[in-house]
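Here is how the chains run, residue by residue.
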Amino acid sequence: MMMPLPEQPSWGRSQFPPIGDYGFLSDCETTALVAPDGGVEWLCLPLMDSPSVFGAILDRGAGSFRISPDGVEVPAARRYIPGTMVLETSWWTPGGWLVVTDALLMGPWHHDHERSATHRRAPTDYDADHVLLRLLRCVNGQVQVRMSCNPVFDYGRRPALWEYADEGYCEALAGAGGAERSLRLTTDLAVGFEGPLATARTLLKEGQARFVALSWSEHAPPRTFKEADARLTWTAHHWQHWLDRGRFPDHPWRSFLQRSALTLKGLTFAPTGAVIAAATTSLPETPAGGRNWDYRYTWIRDTAATLWALYALGFDWEANDFFHFVADVAAAEGGDLQIMYGVDGERALQESTLDHLSGYDGARPVRIGNAAYAQRQHDVWGAVVGAIDLYTRAHERVDDRLWAIVQTQVRRALEHWQEPDQGIWEVRSGPQHFTFSKVACWVAADAGARLADGRGEKKLAAEWRTAAEQIRADVLAHAVDERGVFTQHYGGTALDASVLLIPLLRFLPADDERVRNTVLAIANELTEDELVLRYRVGETEDGLTGEEGTFTICSFWLVSALVQIGELAKARALCEKLLSYASPLQLYAEEIDPHTGRQLGNFPQAFTHLALITAVTAVIRAERAQPR
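Residues numbered from 1 in each chain as written. Predicted model: local features only at pLDDT ≥ 70, side-chain atom pairs only at ≥ 80, totals over all residues. Heavy atoms only, no water.

> Would you explain the pairing of strand β11 (residues 161-164) in this entry?
Consecutive side chains of a regular strand alternate in pointing toward one face of the sheet and then the other. Where β11 and strand β12 (residues 171-175) come together, 4 bridges link them in antiparallel fashion. When the bridges of β12 are listed, tryptophan 162 appears paired with alanine 174. (Pairing = 2+ DSSP bridges. Helix = DSSP H or I, 4+ residues; strand = E, 2+ residues; numbered from the N terminus.)

Written out as structure tokens, the structure is:
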């Protein structure tokens, strides 16, 4: 009698990996995300904000590049090689063990005999190789390995057309009509084609190794395993040497600071110095929700926070490169700054939806571009002047070029601070007199006054200092409720996490009762399981529908604010809790679902890692300052 086949267990798993389970790769010109099953599911070429060639993170049919043991999806372990952006995945199979190592290769500076057409910052000793390299090693037993490379150009709209590049089976080209560039697959495997899919299978025995390289520029990929291994080693050493330049405390939390530093470097577009907010677009802030945005751009408001974090860790070159990107933009704009720009300084970031994509786990719409670039947000002036103030503390004086920017930005702040705007959270409803926007205008006037003093402009310094006091008095008169707590905007009662920045920006001293009341009110009333919301969507008309998770940056702001008001024990406890929510690779998306601990939103998110650096540094310094 034939026995019935056992039922396959149903684990209730989504087809999409959890957002926090992706690995992040970068060569500082483009980025990639690697799923736990060995699939590269996000890669945009040739730049970070270009159309995707692998987009399976937004639609399972939008392209992926997978290498894994046959019949096994779940790896035994994943890690970064310490101090690097090189990802190592270990697989157990019934027959043996396989290790797959992934990297976007870095190499020596390429432009020795001609100037780069893209770089505006000073050349360094290294450069992106424009190669995604994947090494396979069988370390025990034997393992059947499969490779499937399925690029779909232009955000999943143009399937690849494959052809062999030589007489053998080891090099192939993929292109598509209208695609900006083709891809070259170079390997020591024998490749075949199944329509738009390039495939290969091989049995690896203990000690055997293979390589697969995907390249997209005039720079040659590795041609042999020996060359591929050497270039991977060069890349790993590059990252370790870069990290060695930093200053990190001898502390159990050091690894979080180091991974955050590497992530920020990976989100930096080296040719201009721009730091993008995240590597992705349209990863949802709510499961299956519609709060899905394109974050592959650089936000001006992040300038001062980026400089502070990088300076604090000793990465002055990177801080200065980003500062000069912002200064270039400010000088070119003549004062009328947008809130965000493309990685090459592009102004028009027209927003559209990709309705042919299903979205991450059904979250639609999928958006590219970001309409918020056209919003009026008053924090940009304070961000730029505050950044120049921070930059010049290390460089002693503000030069004529920067002084012209300071004057323009302070004038804009003083002309417009009494007007409403869309605020730091870029609400898509009507403008309001947001408290943080007023505080940011105060930063412009206050920091501008210090810079004017440094230039010997005593009259102008006094004028701006008087204006700063006027703004502060207005905020204190209209943004504090009857409990002595700062509210989201004038005339309202809702709380908003952005006012946690009041003590961090020195708008009021930390021992002011209103500061303490506000920090504790947010800790008690604007949290879910101790994690901080931006605001409660039921109390704020933001022009959107649906819920959202807790914003991790806001939770780290609360840690820093608690340190400021002397609540060090609470700050440390919250910081420990937040660090426990890091992804297995110590990365953070924009939000955390407080009920499941899952990461939500775009990933990895620069501003979250910036806030982590600030918070962790604040706790460590405060603890070390205490008497033993």
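From this point, the narrative continues.
> Looking at this structure, how should I read the layout of surface pockets?
In this approach the atoms are scanned with a rolling probe the size of a water molecule, which exposes any empty space left behind. Estimated volume of the largest pocket: approximately 1,000 Å³. Considering the residues around the largest pocket, the lining is formed by 34 residues, among which Ala304, Ala305, Trp308, Leu504 and Leu505 are closest to the centre. Every element with two or more residues in the lining of the largest pocket is listed here: α4 (303-313), α6 (379-395), α8 (435-454), α10 (501-504), α12 (552-564) and α14 (606-625). Looking at which element gives the most residues to the lining of the largest pocket, the answer is α14, with 8 residues. Residue composition of the lining of the largest pocket, by class: 20 nonpolar, 6 polar and 8 charged. (1 Å grid on protein atoms, 1.4 Å probe; cavity = no way out; pocket = protein on both sides within 12 Å on 5 of 7 lines; lining within 4 Å. Points joined across faces, edges and corners; volume = space filled by probe spheres on them. Nonpolar A, V, L, I, M, F, W, Y, C, P; charged D, E, K, R; others polar.)

> Is there a simple way to explain the sheet that holds strand β27 (residues 599-600) in this structure?
For sheets, the rule is that strands pair by backbone hydrogen bonds, running either parallel or antiparallel. Taken together, 3 strands build an open sheet; the order of strands is β25-β26-β27 and the sheet is antiparallel. Two strands lie at the open edges of the sheet, namely β25 (550-551) and β27, each paired on one side alone. Here strand β26 (residues 591-592) runs beside β27; their pairing, made up of 2 bridges, is antiparallel. The partner of isoleucine 592 across the bridge, within β27, is glutamine 599.

> Sorry, what's going on with empty space enclosed by the protein here?
What the rule picks out here adds up to 6 cavities of 30 Å³ or more. Roughly 360 Å³ of internal volume is contained in the largest cavity. Around the largest cavity, the lining is made up of 24 residues, and of these Tyr295, Ile424, Glu426, Arg534 and Glu590 lie nearest the centre. Roughly 70 Å³ of volume is contained in the second largest cavity. Trp242, Ala261, Leu264, Lys265, Thr268, Gly273, Val275, Thr306, Leu310, Glu318 and Phe322 together form the lining of the second largest cavity.

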